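# Coordinates in review
The primary structure of each chain is shown beneath.
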Amino acid sequence: MLSDYHVHLRPDGDDTPAAEYFTAGNVARYRETAEERGIAELGASEHVYRFRQALDVWQHPFWRENAHDDLDEYVGFARDQGLKVGVEADFVPGREDRMANLLDAREWDYVIGSVHFVGEEAVDHPDWDVWSTRSVDPEKVWRRYFETLGEAARSGLFDILAHPDLVKVWGADRPRPGGDLRRFYELAIEGIAEAGIAVEVSTAGLRKPVAERYPAAPFLAMCLDAGCPVALSSDAHVPEHVGFEYESTVAWLAEQGVRELCVFERRARRLEPLG
Ligand SMILES: [Zn+2]
Ligand SMILES: [Zn+2]
């Protein structure tokens, strides 16, 4: 079995309105690629911040710029199209109750939890770049990122922890700590282990400057030791990226000792053999 659960039906940006992308024709293109690549489990996971309801959770200017669509219309559309229904919800420290209210009011197959921001700044967005200030210490940024990731897991809000070491996304284009990076993973692993959350293996990093999967092999090994199952995804934003680099990634997962992948239905999780 292969899954692709972390799938956006449109590129990021405020010029990709729901009316143009939440259509049967667009979903058919995603489904066609999924079928070609042997992906049985296809789900949609739009960014929560693209929906007006997200402004009840957080009022960051980036969210205000992007919050145009109706969340309930999206959920209904994805369900009608026969997709697994998911959402990519940011973890916003201090706003857990508000996010819980938003999530609990709707019926999901799974909720993907992401850390994109540390404080008001983003680790992966050039307009809100955490690295833009002079003399940013990569030790501090990475520490803060992985501490937040552990809190996200521990919050219990999410079924899947997205792109677990996203902070590396820029590769050599931004400052990067040296040495054994496990000192950072250690900061998150307790929360991840206690939550027993599914850990996303994402091929998206292979399309980014870092040119690596999320998470790095040593971090995945720690998650597997903690007993966490794996959810495989591409983080596609266009149909061609569904199942991106799956062939090499399935081989890589087998090398890491992964034999099963998560399947989700109405927020219940089961395991199916990989491949
Ligand atoms: Zn993300
Ligand atoms: Zn995403």
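Notes on the structure follow. (Residues numbered from 1 in each chain as written. Chains lettered and ligands numbered in written order. Predicted model: local features only at pLDDT ≥ 70, side-chain atom pairs only at ≥ 80, totals over all residues. Heavy atoms only, no water.)

With that out of the way, let us pick up the coordination of the zinc ion (ligand 2). With distances of 2.0 to 2.3 Å, the protein atoms coordinating the zinc ion (ligand 2) are H6 (NE2), H8 (NE2), E88 (OE) and D235 (OD). For the zinc ion (ligand 2), the 4 donor atoms in the first shell make angles of 84 to 167° at the metal, so the coordination geometry reads as irregular. All donors of the zinc ion (ligand 2) come from a single chain, and their spacing in sequence reads H-x1-H-x79-E-x146-D. Separating the zinc ion (ligand 2) from the zinc ion (ligand 1) is a distance of 3.6 Å, and E88 supplies a donor atom to each of them. (Donors = N, O, S within 2.8 Å, 3.2 Å for Na, K, Ca; no water. Tetrahedral: all angles 85-135°; square planar, octahedral: opposite > 155°, others 65-115°.)

Donor atoms from the polypeptide that bind the zinc ion (ligand 1) are E88 (OE), H116 (NE2) and H163 (NE2), placed at 2.0 to 2.2 Å. In the primary sequence, the donor residues of the zinc ion (ligand 1) line up as E-x27-H-x46-H. A residue is classified by how much of its surface remains accessible, and H116, at 6% relative accessible area, is buried. (Buried < 20%, exposed > 50% of the residue type's maximum accessible area, 1.4 Å probe, protein only.)

This brings us to the layout of surface pockets. Its boundaries defined by the atoms lining it, the largest pocket holds a volume of some 570 Å³. Contributing to the lining of the largest pocket are 30 residues, with D12, H47, D124, K208 and H237 lying nearest its centre. The greatest single-element share of the lining of the largest pocket, amounting to 3 residues, is contributed by helix 3 (residues 61-66). When the residues that make up the lining of the largest pocket are grouped by side-chain class, the tally is 12 nonpolar, 8 polar and 10 charged. For the second largest pocket, the calculated volume is near 220 Å³. Lining the second largest pocket are 14 residues, with V92, P93, F117, V118 and G119 sitting closest to its centre. Within the residue set of the lining of the second largest pocket, elements represented by two or more residues are strand 5 (117-118) and helix 6 (138-154). Per-element tally for the lining of the second largest pocket: the top contributor is helix 6, with 4 residues. (1 Å grid on protein atoms, 1.4 Å probe; cavity = no way out; pocket = protein on both sides within 12 Å on 5 of 7 lines; lining within 4 Å. Points joined across faces, edges and corners; volume = space filled by probe spheres on them. Helix = DSSP H or I, 4+ residues; strand = E, 2+ residues; numbered from the N terminus. Nonpolar A, V, L, I, M, F, W, Y, C, P; charged D, E, K, R; others polar.)

Below, the discussion takes up the side chain of H116. With respect to the secondary-structure elements, H116 resides in the loop between strand 4 (110-114) and strand 5. Here H163 takes part through its side chain, which lies 3.4 Å from a polar atom of the side chain of H116. Not counting residues within four places of it along the chain, the set of residues in contact with H116 comprises H47, E88, D90, E121, A122, V123, D124, H163 and L166. (Polar contact = N/O pair within 3.5 Å; in protein donor to acceptor, adjacent residues only side chain to side chain. Contact = heavy atoms within 4.5 Å.)

We now examine a negative patch on the surface. Together, D14, D15, E20, E65 and D127 make up a region of like negative charge exposed at the surface. With respect to the secondary-structure elements, E65 resides in helix 3. The class for E65 is partly exposed, based on a relative accessible area of 42%. (Patch = residues over 30% accessible without salt bridge, like charges linked within 9 Å, V, L, I, M, F, W, Y side chains within 5 Å. Areas by Shrake-Rupley, 256 points an atom, 1.4 Å probe, with all protein chains shown as cover. Salt bridge = Lys/Arg side-chain N within 4 Å of Asp/Glu carboxyl O. Lys, Arg positive; Asp, Glu negative; His and termini not counted. Charge placed at Lys NZ, Arg CZ, Asp CG, Glu CD.)

A separate point is the packing of aromatic side chains. Across all of its chains, the model carries 19 aromatic pairs by this definition. Cluster of aromatic residues (ring-pair linked, three or more members): W142, Y145, F146, F184, Y185 and F219. Lying across the ring of W170, R174 places its NZ or CZ 4.0 Å from the centre. Between R207 and the ring centre of F244, over which it is positioned, the NZ or CZ distance is 5.0 Å. (Phe/Tyr/Trp six-rings, centres within 6.5 Å; stacked < 30°, edge-to-face > 60°. Lys NZ or Arg CZ within 6 Å of the ring centre and 35° of its normal.)

Turning our attention to helix 7 (residues 182-195). For helix 7, spanning 14 residues, the distance from its first C-alpha to its last is 20 Å, which sits close to the expected 20 Å at 1.5 Å a residue. Maximal helix bending in helix 7 amounts to about 40°, located at A188. Burial in helix 7 covers these residues: F184, Y185, A188, I189, G191 and I192. Next to the buried residues of helix 7 lie helix 6, strand 7 (160-161), strand 8 (198-202) and helix 8 (217-225). Two residues or fewer after helix 7 comes G196, characterised by a positive phi angle close to 60°. (Expected span 1.5 Å × (residues − 1). Bend = angle between axes of the 7 residues up to and from the residue.)

Function-wise, these values are silent; they only describe arrangement.
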